[in-house]
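# Chains, contacts and geometry: an overview
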Amino acid sequence: MARSTLYQQVAGELRRAIYSGELGPGAQLPTELDLMDSHEVSRNTVRLALAELENEGLITRMRRRGSFVRDRRALLMRPQDELSASPGVLRREAFAEAVTKEGRKPGQEIEVSIVRPPEEIAARLELEEHALAVVRRRLRYVDDQPYNTNDSYFPHALVRDSEIARPADITRGANRVLEELGHRQVRVVDDISARMPTPEESSRLQLEPGTPVVVYVRVGYDRDDTPVRVAVSVLPADKHLVRYELELS
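Cut-offs and rules
- Residues numbered from 1 in each chain as written.
- Predicted model: local features only at pLDDT ≥ 70, side-chain atom pairs only at ≥ 80, totals over all residues.
- Heavy atoms only, no water.
- Helix = DSSP H or I, 4+ residues; strand = E, 2+ residues; numbered from the N terminus.
- Buried < 20%, exposed > 50% of the residue type's maximum accessible area, 1.4 Å probe, protein only.
- Lys, Arg positive; Asp, Glu negative; His and termini not counted.
- Charge placed at Lys NZ, Arg CZ, Asp CG, Glu CD.
- Contact = heavy atoms within 4.5 Å.
- Polar contact = N/O pair within 3.5 Å; in protein donor to acceptor, adjacent residues only side chain to side chain.
- Pairing = 2+ DSSP bridges.
- Axes fitted to C-alpha atoms, helices over the stretch in contact; angles between N-to-C directions.
- Domains from an automatic or database assignment.
- Salt bridge = Lys/Arg side-chain N within 4 Å of Asp/Glu carboxyl O.
- Core = buried A, V, L, I, M, F, W, Y, C linked by side-chain atoms within 4.5 Å.

The name that an unreviewed UniProt entry assigns to the protein chain is GntR family transcriptional regulator, with the source organism given as Sphaerisporangium krabiense.

Along the protein chain, the regular secondary structure elements total eight helices and ten strands. The dimensions of the protein chain, computed from C-alpha atoms along their principal axes, are 70 × 35 × 35 Å. For the protein chain, with 249 residues in total, the buried portion stands at 42%. Taken together, the 37 basic and 41 acidic charged side chains of the protein chain have centroids lying 3 Å from each other.

Structurally, threonine 149 is set in strand β6 (residues 145-155). The class for threonine 149 is buried, based on a relative accessible area of 8%. Ignoring any residue separated from it by four or fewer positions in sequence, one finds threonine 149 in contact with Arg138, Leu139, Arg204, Leu205, Val232, Ser233 and Val234.

This part is about the side chain of arginine 138. Mapping arginine 138 onto the fold places it in strand β5 (residues 133-142). According to the relative accessible area criterion, arginine 138 is buried, its value standing at 10%. At 3.3 Å, the side chain of arginine 138 forms a polar contact with the side chain of glutamine 108. Dropping the residues within four chain positions of it, arginine 138 is found in contact with Glu93, Gln108, Glu109, Ile110, Asn148, Thr149, Asn150, Asp151, Ser152 and Arg204.

What the six strands build is an open sheet, ordered β4-β5-β6-β9-β8-β7; its pairing is antiparallel. In the strand order of this sheet, the two ends are held by β4 (106-115) and β7 (187-195), each with one partner. Neighbour-to-neighbour, the strand axes of this sheet turn through a mean angle of 15°, independent of strand direction. Relative to β5, β4 runs antiparallel, the two being bridged by ten bridges. From the neighbouring strand, valine 112 faces β5, where its bridge partner is arginine 136.

We note that the domain assignment places domain 1 (6-69) and domain 2 (75-242) within the protein chain. Each of domain 1 and domain 2 was reduced to a C-alpha centroid, and the two centroids are 37 Å apart.

Turning our attention to the pattern of salt bridges. Scanning the entire structure with this criterion turns up 19 salt bridges. Between glutamate 52 and arginine 15 there is a salt bridge whose closest N-O contact spans 3.0 Å. With a gap of 37 residues between them, glutamate 52 in helix α3 (residues 43-55) and arginine 15 in helix α1 (residues 3-20) connect regions that are remote in the sequence. For glutamate 52, a relative accessible area of 21% gives the class partly exposed. A salt bridge links glutamate 179 to arginine 176; its shortest N-O distance comes to 3.1 Å. You can see glutamate 179 and its partner arginine 176 sitting in helix α7 (residues 174-180), three residues apart, about one turn around the helix. One continuous salt-bridge network, built from bridges that share partners, spans Glu32, Arg43 and Arg47.

Quick look at helix α4 (residues 94-101) now. Among the residues of α4, Phe95, Ala96, Glu97 and Val99 are the ones counted as buried. Among the structural elements, β3 (75-77), β4, β5 and β6 are those in contact with the buried residues of α4. Positive phi appears at glycine 103, one or two residues downstream of α4, with a value of about 75°.

Turning our eyes to something else, we now look at the nonpolar core. Ranked by size, the top nonpolar core spans 18 residues in total, and within it Leu14, Leu23, Leu29, Leu50 and Ile59 carry the most contacts. Of all the secondary structure elements, the ones that give two or more residues to this core are α1, α2 (32-39) and α3. Per-element accounting of this core gives the leading share, six residues, to α1. Residues in contact with leucine 14, not counting those within four places in the same chain, are Leu23, Leu29, Pro30, Leu35, Leu50 and Leu53. Of all hydrophobic cores here, the second largest spans 13 residues; its members include Val115, Leu125, Ala133 and Tyr153.

Time to look at unusual backbone geometry. Positioned with a positive phi, histidine 130 is a non-glycine residue whose angle comes to about 70°. Here histidine 130 shows up in the loop between α5 (119-125) and β5. Of note, the phi angle at aspartate 144 is positive, near 70°, even though the residue is not glycine. Inspection of the secondary structure puts aspartate 144 in the loop between β5 and β6. Looking at aspartate 144, the relative accessible area reads 51%, which means it is exposed.

Spelled out as structure tokens, the structure:
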């Protein structure tokens, strides 16, 4: 029997055990020697099988400690909830509220800059040539673990004198500040795509090898159909579940 078939069989059995819950999050896999004995295969075959599971983001391999099932508890994100609050009703920033609802602890690091935005962002904001934007870059945490990044761009001329241009947390969220400035978002356009992370993203988000990311871009428009915000989120695919719920009239 071909070596590739053997390691795929070993990987398949371990994969089934993980997805069925027999090996739950944090569980240690059998040692290489145990797998060699139970499957009657070579060490190289076992290592190829473990490498395949690691590349799929199912396990973490720790030198001298063994292989462990990764915690794949996904954060449920409901993009339609972000703008669902009625005008004047106070609520927490959308990410913090979603995390808290699950009984988990939110956190974030914030960096605010005035920039000449990338061409794609400038086009989405319909900015004139050389116009500036305020960007709020956030590394967001769940239970003290980095979970995703969110870069929100706003026309500088619109928000330069507001809290959005200051490097501090906005408990009620930047969307509410836009509303207070007279630019409540009444329409959004979402683009969702998937790719492999950049080296910088892998480092910031502490991604395991082989973990893809979902790139979620939302453009918000006010009542004059003017774009007032472009938010770019990078979501590790193993840590997020994006759920849209639509009502048909």
